[in-house]
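Summary of the model geometry
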Amino acid sequence: MNDDEWRVEIDLEDEEHGLGLGERLRAHVLDDEARRRLGGRVVVTRDGPHVFLYAGKQQEAREAERVARELVASDGLTADIAVTRWHPLEEAWKDASIPLPQTPEGEREELRLKEEAKWIQAEREGSYDWLVKIALPGRAEAAELQERLDGEGFPVHRRWRYVTVDVVTEERANELATRLRGELSDEAEIWVDASPVDIPNPAFVLLESRL
């Protein structure tokens with residue numbers, strides 16, 4: 001993986017300080033050695049009191065961190081400053097001391113952490129990206145499946161003989177659908193759909209008209 005996704009995170013006391021530091025960084029005059037260590041252009045963004053400096057290499061990020069600390073100190077400000085690195089498999093910024101995974105086991109662990117974070121976010125927001133839809137032969141079979149999946153921790157809903165299960169990734173949705181096809185009777189109809197991206201926790205879920 002390329003060594004090209006580094007970020008300096010600066011958390012200041014209030015939004016005004018963030019605005020001021022952003023301007024100071026933009027106008028700051030660097031000597032030739034500092035410019036060399038910074039390499040290419042460092043992108044600065046601000047979100048209220050949070051300032052972010054994006055660099056292409058660790059050395060560039062460390063130099064940006066040094067400059068930021070100097071400016072924060074010279075302005076008499078208090079800030080938490082950290083260097084982080086983008087982990088593409090997990091899709092998360094993590095402390096620079098944590099290396100990118102170098103083995104299949106490490107990659108699987110990052111993917112597990114990514115999925116775990118998605119579940120936590122989905123449960124908090126009530127918004128899932130995928131639905132597994134099941135039409136059972138009757139209400140009793142649907143109630144039994146609801147109870148079983150609920151016991152496994154799935155966000156499951158039943159209306160009469162129809163069951164829907166909220167899932168965070170397409171891969172997990174397909175895995176669950178494949179598993180249920182092997183466990184349920186041939187009369188059960190099972191398919192996977194993406195949840196409408198603009199309708200979190202939709203009130204109406206469309207099943208095929210043949211049902």
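Further up the page is the structure itself.
No experiment lies behind these values; they were computed from the predicted model shown.

Now for the overall build of the protein. Across its full length, the protein holds 6 helices and 9 strands. With 211 residues in all, the protein has 36% of them scored as buried. Partitioning the intrachain contacts of the protein with sequence separation of at least 6 by distance along the chain shows that 64% fall at a separation of at least 24. Put simply, the protein shows about 12900 Å² of open surface, and 48% of that area lies on carbon and sulfur atoms.

In this section: the packing of aromatic side chains. Enumeration over the complete set of coordinates arrives at 3 aromatic pairs. Seen in terms of ring centroids, Trp160 and Tyr162 are 5.9 Å apart; in terms of plane orientation they differ by 70°. Their pairing is edge-to-face. According to the relative accessible area criterion, Trp160 is exposed, its value standing at 55%. Residue classification places Tyr162 among the buried positions, given a relative accessible area of 19%. Feature note: the residues Tyr54, Trp86 and Trp93 constitute an aromatic cluster, connected by ring pairs.

One ladder, built from 4 bridges, connects strand E4 (residues 80-87) with strand E5 (residues 92-95); its direction is antiparallel. Bridge pairing links Thr84 to Asp95 in E5.

Paired through their backbone hydrogen bonds, the strands of a sheet run either parallel or antiparallel. Strands sit in the order E7-E8-E6-E9 across an open sheet of 4 strands; the sheet is antiparallel. Single-partner strands in this sheet number two, and they are strand E7 (156-159) and strand E9 (189-194). Between one strand axis and the next, the sheet turns through 20° on average, direction left out of account. Looking at chain direction, strand E6 (residues 130-135) and E9 are connected through 6 bridges and run antiparallel. Looking at E9, one finds that Val132 is bridged to Val192. Sheet contacts for helix H5 (residues 139-151): E6, E7 and strand E8 (162-167); angle to E7, the most-contacted strand, approximately 165°.

Rules used throughout
- Residues numbered from 1 in each chain as written.
- Predicted model: local features only at pLDDT ≥ 70, side-chain atom pairs only at ≥ 80, totals over all residues.
- Heavy atoms only, no water.
- Helix = DSSP H or I, 4+ residues; strand = E, 2+ residues; numbered from the N terminus.
- Buried < 20%, exposed > 50% of the residue type's maximum accessible area, 1.4 Å probe, protein only.
- Contact = heavy atoms within 4.5 Å.
- Areas by Shrake-Rupley, 256 points an atom, 1.4 Å probe, with all protein chains shown as cover.
- Phe/Tyr/Trp six-rings, centres within 6.5 Å; stacked < 30°, edge-to-face > 60°.
- Pairing = 2+ DSSP bridges.
- Axes fitted to C-alpha atoms, helices over the stretch in contact; angles between N-to-C directions.

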